[in-house]
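A structural walkthrough
Spelled out from the first residue to the last, the chains are:
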Amino acid sequence: MSGLQLQQMTDFKLLDRNAIDAYLSLPEGSRFFRGLVFWLGYKEMKLEFTPLERMHGASSWSFKQLYRYAKDSLISFSYIPLKLTSYLSLGMLVFALLLTIQSLFNKFSGEAQEGFTTVIIVQLVIGCSIMFGLSNIGTYLAKIYDEIKSRPHYIISEKTARHGQAL
């Protein structure tokens, strides 16, 4: 969902000094290590290994901690949940229009209870307005979140001498 290819990636990495320095220079406080290391764009090489079974004890990660880690990881690199809210608001709008047409049809054919049509239409308008507003607020918050993270636009991996200047 993040747009990053993180399949078969782990938190166990062997990084060179340039990659470590670039990672440490990132100003964001909440860091998703796997995603940020991939995002830095340094060359990768996979080393296949089979981890040994845990010899003693059990993992100290609780379900709540794992859930929070997954949520924070998703939020660090993806706005799909916010986009889903936008799509949901559009779906609600289509549903509201269909239900409004049905309610008006029932009203004019004399099959609706007194006041029912008005209540339904008011609730649909309010619900759609709230969902549309939330999706807009979410979009602005995503833009603000991108700015607050202050990730650089690019990473310089190597400096070379230019026009006779020494490094």
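Preceding block: the structure.
In this report, the structure presented in the accompanying data block is examined. Residue numbers run consecutively from 1 along every chain, following the written order of its sequence. Only residues with pLDDT of at least 70 are given local features in this predicted model, and only at 80 or more are side-chain atom pairs given and counted; all residues enter the totals for whole chains, interfaces and linings. Note: side-chain values were computed over all heavy atoms of the structure, leaving out hydrogens and water.

Attention now moves to the pattern of salt bridges. Salt bridges are counted wherever a side-chain nitrogen of Lys or Arg sits within 4 Å of a carboxyl oxygen of Asp or Glu. Considering all chains together, one arrives at one salt bridge under this definition. Where Asp-21 meets Arg-17, a salt bridge forms, and the shortest distance between an N and an O atom there is 3.1 Å. Of this pair, Asp-21 and Arg-17 both sit in helix α1 (residues 17-25), four residues apart, roughly one helical turn. Elements are defined by DSSP. Helices are runs of H or I of four residues or more, strands are runs of E of two residues or more, and each kind is numbered from the N terminus.

Residue types Ala, Val, Leu, Ile, Met, Phe, Trp, Tyr and Cys, when buried and joined through side-chain atoms within 4.5 Å, form a set referred to as a nonpolar core. Residue exposure (1.4 Å probe, protein chains only): buried if accessible area is under 20% of the type maximum, exposed if over 50%, otherwise partly exposed. In terms of nonpolar packing, the biggest core is built from eight residues, these being Ala-22, Tyr-23, Leu-26, Phe-32, Leu-36, Val-37, Leu-40 and Phe-77. Within the residue set of this core, elements represented by two or more residues are α1 and α2 (33-40). By residue number, the principal contributor to this core is α2, which donates three residues. Residue contacts are counted whenever heavy atoms from the two residues lie within 4.5 Å of one another. With residues up to four places along the chain from it excluded, the contact list for Leu-40 reads Ala-19, Ala-22, Tyr-23, Leu-26 and Ile-155.

Right, let's get into the layout of surface pockets. Site definitions follow a grid-based scheme: protein atoms alone, a 1 Å grid, a 1.4 Å probe that fits but cannot get out for cavities, and for pockets an open set with protein on both sides within 12 Å along at least five of seven lines, plus lining residues having an atom within 4 Å of a point. Grid points are joined across faces, edges and corners, and a volume is the space filled by probe spheres set on the points. In this structure, the second largest pocket encloses a volume near 210 Å³. Taken together, Asp-11, Phe-12, Arg-34, Arg-54, Ser-59, Trp-61, Leu-66 and Tyr-69 form the lining of the second largest pocket. Polarity classes work like this: nonpolar for Ala, Val, Leu, Ile, Met, Phe, Trp, Tyr, Cys and Pro, charged for Asp, Glu, Lys and Arg, and polar for all others, with Gly in that last group. Looking at the lining of the second largest pocket residue by residue, the class counts come to four nonpolar, one polar and three charged.

Closest axis-to-axis distance for the α1/α2 pair is 10 Å, and the angle between their directions is 115°. At the point where α1 passes α2, the crossing takes the right-handed sense. Mapping the contact onto sequence places Ala-19, Ala-22 and Tyr-23 in α1 and Phe-33, Leu-36, Val-37 and Leu-40 in α2. Among the residues making up the contact of α1 with α2, the classes are represented as seven nonpolar, no polar and no charged. Lines are fitted to the C-alpha atoms to define the axes, a helix being fitted only along its stretch in contact, and any angle between axes, read from their N-to-C directions, falls within 0 to 180 degrees. In this scheme the handedness of a crossing depends on how the near helix is turned from the far one: anticlockwise by less than a right angle means left-handed, clockwise means right-handed.

What follows deals with the packing of helix α4 (residues 80-108) against helix α5 (residues 116-149). α5 packs onto α4 with a crossing angle of 165° between their chain directions and a minimal axis gap of 9 Å. Classed by the angle they form, the pair α4 and α5 counts as roughly antiparallel. The two elements α4 and α5 cross, and the hand of that crossing is left-handed. Classifying every residue of the contact of α4 with α5 by side-chain character gives 14 nonpolar, nine polar and one charged. Oblique is the label for every angle not falling under 35 degrees (roughly parallel), over 145 degrees (roughly antiparallel), or within 65 to 115 degrees (roughly perpendicular).

For the rest of this paragraph, the subject is the side chain of Glu-28. Checked against the element boundaries, Glu-28 lands in the loop between α1 and α2. Assessed through its relative accessible area of 6%, Glu-28 is described here as buried. Sequence-distant contacts of Glu-28, defined by excluding residues within four places in its chain, comprise Leu-36, Lys-149 and Arg-151.

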